[in-house]
Amino acid sequence: MSPLPLEGITVVSLEQAVAAPFATRQLADLGARVIKVERPGTGDFARGYDESVHGQSSYFVWLNRSKESLTLDIKTPAGREVLERLLAGADVFVQNLAPGAAGRLGLGAAELSERHPSIVVCDISGYGNTGPWADRKAYDLLVQCETGVVSLTGSPEEPAKAGISIADIAAGMYAYSGILTALYERRTTGRARSVEVSLFEALSEWMGSPAYYTAYSGTQPARVGAQHATIAPYGPYGAADGRTVLLAIQNEREWVSFCEVFLGDASLATDPRFHRNSARVARRDELNAIVAARFAKLDAADAVKLLDDAKVANARLNSVEEYWNHPVLSGRDRWRDVSTPGGAIKALLPPATLSGLDPRMDSVPAVGEHTDSVLRGLGYDGTAIAALRADGAV
């Protein structure tokens, strides 16, 4: 196999929960050595979110494969000395501690860059390291609310959060791409630039379309459940066998084909009520009644066949179990076995496939599993390691 792109890069991460672990796991996927610094005894608190995966947290096994776990109390002098030794040999430092904690510990970007000029420092926060909300705690649901996401999702009667941690995931993705960009600049110019990402600003980027729509039209997109707020027909319909099928009309060519092939009424394509998308949105209820009546006469498989014949994009409303067993994932050989302290699990390959390269898919670590090996690599012998343990530093 060819070497992975980030082999030789060392990442030290004071991380917890989702955003920072997601960023560093992606670096590990590409070959970086990621040393995850955890609290002695308990480790990352995300380890305790649930016990669903062989007694382990579903969040933790998703986000932490291929990392080394070092337990370290960085508030002790001895623990802090270990951390400084680690940072002296690191290429990247990532943290998503509580607001202001990194600065109080002397681990802010400016201070670290002064002590270690070649290190790329990535800070992940809720609302940014400066500004009026710099000291405010932030969790995924709260950020979904503050950015307006929750006002857009759900039914007309009740708003709803996204079913996954989209603010954390967005921040982790931008942290990952920001770190890669900073590493590239360091290689080309020699300058190590710091990276700052907030959950609020990451999710603000995702709010671009509804934000522009609202700011310039004067009207916020309606909350319409699983339908599209500004395109019709675009959403779920119940088939005769109880399954739900979704369709998505993107342009007038598809609308004409949908009317002719699926609805069996070519005249609807030029009907003044529905002749353009804005008219269809304005008469969504009337249009949905026509489409729903057709679906009610078809089993899901027959409906999908007609939609495919019409070249209209569609999908079944799958459960999580149906997604897990999806033929695309098995047919494209996307699953790999990964070991964890509780037993082997299946894990998906990273979504970006690099030709000729197999990503790293190593074990999920137990708390402190690599503490001794990391310390030995820093020059600590058995006696020194025993003393660190006796002091509660590791």
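Worth saying up front: this structure is predicted, and the values here are computed from it rather than measured.

1. Looking at the overall build of the protein chain
Right, so step 1: Broken down by element type, the protein chain carries 18 helices and 11 strands.
Right, so step 2: Along the first, second and third principal axes, the C-alpha set of the protein chain runs to 85 × 45 × 40 Å.
Right, so step 3: For the protein chain, the share of sequence-separated contacts (at least 6 apart) that also reach a separation of at least 24 residues comes to 67%.
Right, so step 4: As displayed, the protein chain has an accessible area near 19,500 Å², and 54% of this comes from carbon and sulfur atoms.
Right, so step 5: Once the 39 positive and 47 negative side-chain charges of the protein chain are each reduced to a mean point, those two points are 2 Å apart.

2. Structural notes on the side chain of His116
Right, so step 1: Along the chain, the position of His116 falls in the loop between helix H5 (109-115) and strand S5 (120-125).
Right, so step 2: When sequence neighbours within four positions are dropped, the list of residues in contact with His116 reads Glu84, Leu87 and Ala88.

3. Concerning the packing of aromatic side chains
Right, so step 1: Here the structure, examined in full by the defined rule, presents 13 aromatic pairs.
Right, so step 2: A centroid spacing of 6.4 Å and a plane angle of 70° characterise the contact between Trp255 and Phe274, whose relative ring orientation is edge-to-face. In this pair, Trp255 is assigned in helix H11 (residues 252-263) and Phe274 in the loop between H11 and helix H12 (277-282), connecting sequence segments 19 residues apart. You'll find Trp255 and Phe274 in the same group, each marked buried.
Right, so step 3: Here Arg136 stacks its cationic end above the ring of Trp133, 4.0 Å away from the centre of that ring.
Right, so step 4: Note that Arg294 overlies the ring of Phe262, its terminal NZ or CZ placed 5.9 Å from the centroid.

4. Looking at the pattern of salt bridges
Right, so step 1: The full count for this structure, using the stated rule, is 21 salt bridges.
Right, so step 2: As a salt-bridge pair, Arg243 and Glu322 come within 3.7 Å of each other at their nearest N and O atoms. You can see Arg243 sitting in the loop between strand S7 (234-238) and strand S8 (244-248) and its partner Glu322 sitting in helix H15 (residues 320-324), a full 79 residues away along the chain.
Right, so step 3: Since its relative accessible area comes to 33%, Glu322 is described here as partly exposed.
Right, so step 4: With a shortest N-O distance of 2.5 Å, Asp372 and Arg389 are connected by a salt bridge.

5. Thoughts on a nonpolar patch on the surface
Right, so step 1: A cluster of nonpolar side chains, contributed by Tyr139, Leu141 and Leu142, occupies part of the molecular surface with about 300 Å² of accessible area.
Right, so step 2: Note on placement: Tyr139 falls in the loop between S5 and helix H6 (140-146).

6. A closer look at the sheet that holds strand S1 (residues 10-14)
Right, so step 1: Spatially, S3-S2-S1-S4-S5-S6 is the arrangement adopted by the 6 strands of the open sheet, whose pairing is parallel. In this open sheet, the two edge strands, each paired with only one partner strand, are strand S3 (67-71) and strand S6 (195-198). Recorded for the sheet is a direction-independent mean angle of 20° between the axes of neighbouring strands.
Right, so step 2: As judged from the 4 bridges shared by S1 and strand S2 (residues 33-38), these two strands associate in the parallel manner. Bridged to Val12 within S2 is Ile35.
Right, so step 3: Relative to S6, helix H8 (residues 166-189) is tilted by about 170°, and along the sheet it contacts strand S4 (92-95), S5 and S6.

7. Examining the environment of Leu298
Right, so step 1: Mapped onto the secondary structure, Leu298 falls in the loop between helix H13 (284-295) and helix H14 (300-309).
Right, so step 2: Here Leu298 falls in the buried class, since its relative accessible area comes to 10%.
Right, so step 3: Considered as a pair, Leu298 and Pro327 are 29 residues apart in the sequence and their alpha carbons are 23 Å apart.
Right, so step 4: When residues no more than four places from it in sequence are discounted, the contact partners of Leu298 are Ala239, Ala240, Asp241, Phe262, Ala303 and Leu306.

8. Some details on the nonpolar core
Right, so step 1: If you look at the biggest cluster of nonpolar residues, it comprises 38 residues, and the most contacted ones within it are Val11, Val92, Val94 and Ile124.
Right, so step 2: Where this core is concerned, the elements lending two or more residues are helix H1 (19-29), S4, S5, helix H7 (149-152), H8, S6 and helix H9 (199-206).
Right, so step 3: Of the residues forming this core, the biggest block, 9 residues, is contributed by H8.
Right, so step 4: Sequence-distant contacts of Val11, that is, excluding residues within four places in its chain, are made with Thr24, Leu27, Ala32, Arg33, Val34, Ile35, Val92 and Val94.
Right, so step 5: Formed by 27 residues, the second largest nonpolar core is a distinct cluster that contains Leu72, Ile74, Ala90 and Ala109.

9. Concerning the sheet that holds S8
Right, so step 1: Read across the open sheet, the 3 strands follow the order S7-S8-S9; overall the sheet is antiparallel. Unpaired on one side and paired on the other, S7 and strand S9 (313-316) mark the two borders of the sheet. The mean angle between the axes of side-by-side strands here comes to 25°, regardless of whether they run parallel or antiparallel.
Right, so step 2: Where S7 lies against S8, 5 bridges are found, and the strand directions are antiparallel. In the sheet register, Tyr237 faces S8, and the bridge partner there is Val245.
Right, so step 3: Its contacts with the sheet place H13 against S7 and S8, and it is angled at close to 45° to S7.

10. Looking at the pairing of S4
The side chains of a regular strand alternate between both faces of the sheet.
Right, so step 1: Burial along S4 is two-sided: Val92 and Val94 facing one way and Phe93 and Gln95 facing the other are all buried.
Right, so step 2: The pairing of S1 with S4 spans 4 bridges and is parallel. For Leu14, the partnering residue across the bridge sits in S4 and is Gln95.
Right, so step 3: One ladder, built from 4 bridges, connects S4 with S5; its direction is parallel. Across the sheet, Phe93 pairs through a bridge with Val121, a residue of S5.

Conventions we followed
- Residues numbered from 1 in each chain as written.
- Predicted model: local features only at pLDDT ≥ 70, side-chain atom pairs only at ≥ 80, totals over all residues.
- Heavy atoms only, no water.
- Helix = DSSP H or I, 4+ residues; strand = E, 2+ residues; numbered from the N terminus.
- Contact = heavy atoms within 4.5 Å.
- Areas by Shrake-Rupley, 256 points an atom, 1.4 Å probe, with all protein chains shown as cover.
- Lys, Arg positive; Asp, Glu negative; His and termini not counted.
- Charge placed at Lys NZ, Arg CZ, Asp CG, Glu CD.
- Phe/Tyr/Trp six-rings, centres within 6.5 Å; stacked < 30°, edge-to-face > 60°.
- Buried < 20%, exposed > 50% of the residue type's maximum accessible area, 1.4 Å probe, protein only.
- Lys NZ or Arg CZ within 6 Å of the ring centre and 35° of its normal.
- Salt bridge = Lys/Arg side-chain N within 4 Å of Asp/Glu carboxyl O.
- Patch = residues over 30% accessible without salt bridge, like charges linked within 9 Å, V, L, I, M, F, W, Y side chains within 5 Å.
- Pairing = 2+ DSSP bridges.
- Axes fitted to C-alpha atoms, helices over the stretch in contact; angles between N-to-C directions.
- Core = buried A, V, L, I, M, F, W, Y, C linked by side-chain atoms within 4.5 Å.

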